[in-house]
Amino acid sequence: MLIDLSELFFIKGKAKEYTVPLELEIFCDGMNDYKVADRELVRLVITNQGDRVFAVTGETRLSLWIPCARCLEPVKVPFLLEFDQELDLNLTDEARMADLNEQFYLNGCSLDIDQLVSSELMLNLPMRVLCSDNCKGICNRCGTNLNRGACDCAGKSLDPRMSVIQDIFKQLKEV
Ligand SMILES: [Zn+2]
Ligand SMILES: [Zn+2]
C-alpha cells in the first residue's frame with residue numbers, strides 16, 4: 001500500500017488522516033523470516049509542514065510468529081508500533097544514506113506502508129523470545145521437545161564417542 005504524499009502538497013499546515021490496510025505477510029529482519037499472525041489497519045496522520053517536509057505519526061498493532069529460542073516452537077508475539085517520522089522529500093537518496101537515515105519506506109513521493117511498518121518492527125524486535133520462562137528446550141541429542149515429555153538420553157552414556165574411548169580403555173586393561 002502506497003500513500004502518494006503529493007496529494008498533501010496543497011494542504012499546507014494541515015493534516016490528513018489515513019486508515020490503511022497492511023499487506024505485509026512475512027517480515028524479514030535480514031536473516032530470518034517471520035510470518036505475520038494477525039494485523040490491524042494502520043492509522044496515520046500525515047501533516048504537511050511545508051517546504052516538502054512531512055510529519056508522520058500513528059500506530060498499528062500486529063503479531064508475528066517467532067520461534068522460541070529454546071524449543072523452536074512458534075510463539076505469537078504482539079507488537080504495538082508507534083510511528084513518529086519526519087519525511088524530507090528534499091533529501092536525495094544519497095543524502096539519506098550518508099545520513100544513516102535510510103528511509104526505505106520513502107520512494108519518491110510515495111510512502112510505502114509495509115516498509116514503514118517493517119522498519120518500525122526492526123527496532124522493536126526482541127533479542128530473544130521464549131514460549132515460557134521455564135521452557136525446557138529440546139534435547140540436543142535426540143531433538144525431543146522436553147516440554148512435551150522426557151527422553152531417555154540423560155540415562156544413556158554421555159556421548160557415543162566417549163563409549164568408544166571407554167571400550168579402548170577396557171581393552172587396554174584386559175591386555
Ligand atoms: Zn520454548
Ligand atoms: Zn534426548
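Because the structure is a prediction, the values reported are computed rather than measured.

Definitions and limits used
- Chains are numbered independently. Their residues run from 1 in the order of the written sequence.
- Chains and ligands are labelled by the order in which they are written, letters from A for the one and numbers from 1 for the other.
- Totals for whole chains, interfaces and linings use every residue, but because this is a predicted model, local features are given only for residues with pLDDT of at least 70 and side-chain atom pairs only at 80 or more, for both listing and counting.
- Note that water and hydrogens are dropped before the side-chain values are worked out from all heavy atoms of the structure.
- For Na, K and Ca the donor cut-off is 3.2 Å, and for all other metals it is 2.8 Å, counting N, O and S atoms only; because water is absent from this set, sites may look incomplete.
- Every angle between 85 and 135 degrees makes a four-donor site tetrahedral, while opposite donors more than 155 degrees apart, with all other angles between 65 and 115, make a four-donor site square planar and a six-donor site octahedral; other sites are irregular.
- Exposure is judged per residue with a 1.4 Å probe applied to protein chains only, and the accessible area is read against the type maximum: over 50% gives exposed, under 20% gives buried, and values in between give partly exposed.
- Pairing of aromatic side chains requires ring centres within 6.5 Å, counting the rings of Phe and Tyr and the six-membered ring of Trp. Pairs whose planes differ by under 30 degrees are stacked, by over 60 edge-to-face, and all others tilted.
- In this text, helices come from DSSP runs of H or I with a minimum length of four residues, and strands from runs of E with a minimum of two, each type numbered from the N-terminal end.
- One less than the residue count of a helix, multiplied by 1.5 Å, gives the span that helix is expected to have.
- Two N or O atoms form a polar contact when they lie within 3.5 Å of each other; inside protein one atom must be a possible hydrogen donor and the other a possible acceptor, and for residues adjacent in sequence the pair counts only when both atoms belong to side chains.

1. Quick notes on the coordination of the zinc ion (ligand 2)
- Protein coordination of the zinc ion (ligand 2) is provided by Cys139 (SG), Cys142 (SG), Cys151 (SG) and Cys153 (SG), with donor distances spanning 2.3 Å.
- One way to put it: the four donor atoms around the zinc ion (ligand 2) meet at angles of 108 to 112°, and that makes the site tetrahedral.
- Here the donor residues of the zinc ion (ligand 2) are spaced in sequence according to C-x2-C-x8-C-x1-C.
- Overall, the relative accessible area of 9% leaves Cys139 in the buried class.
- A residue is classified by how much of its surface remains accessible, and Cys142, at 42% relative accessible area, is partly exposed.

2. Re the packing of aromatic side chains
- One pass over the structure, following the stated rule, counts two aromatic pairs.
- When the ring of Phe27 is compared with that of Tyr34, the centres are 6.3 Å apart and the planes differ by 20°; the resulting orientation is stacked. Accessibility classification places Phe27 together with Tyr34 in one group, the buried group.

3. Re unusual backbone geometry
- Despite not being glycine, Asp51 has its phi angle at roughly 50°, a positive value.
- Locating Asp51 in the fold gives a position in the loop between strand 5 (42-50) and strand 6 (53-67).
- Judged by its relative accessible area of 68%, Asp51 falls in the exposed class.
- Positive phi, normally seen in glycine, also occurs at Leu72, with a value near 70°.
- Structurally, the position occupied by Leu72 is in the loop between strand 6 and strand 7 (74-88).

4. Some remarks on helix 2 (residues 113-124)
- Compared with an ideal rise of 1.5 Å per residue, which puts 12 residues at 16 Å, helix 2 spans 17 Å between its outermost C-alpha atoms and is within 8% of the ideal.
- By the burial criterion, the buried members of helix 2 are Ile113, Asp114, Leu116, Val117, Ser118, Glu120 and Leu121.
- The N-cap residue of helix 2 is Asp112: its side-chain oxygen and the backbone nitrogen of Asp114 are 3.1 Å apart.

All quantities given are derived from atomic positions and should not be read as evidence of function.
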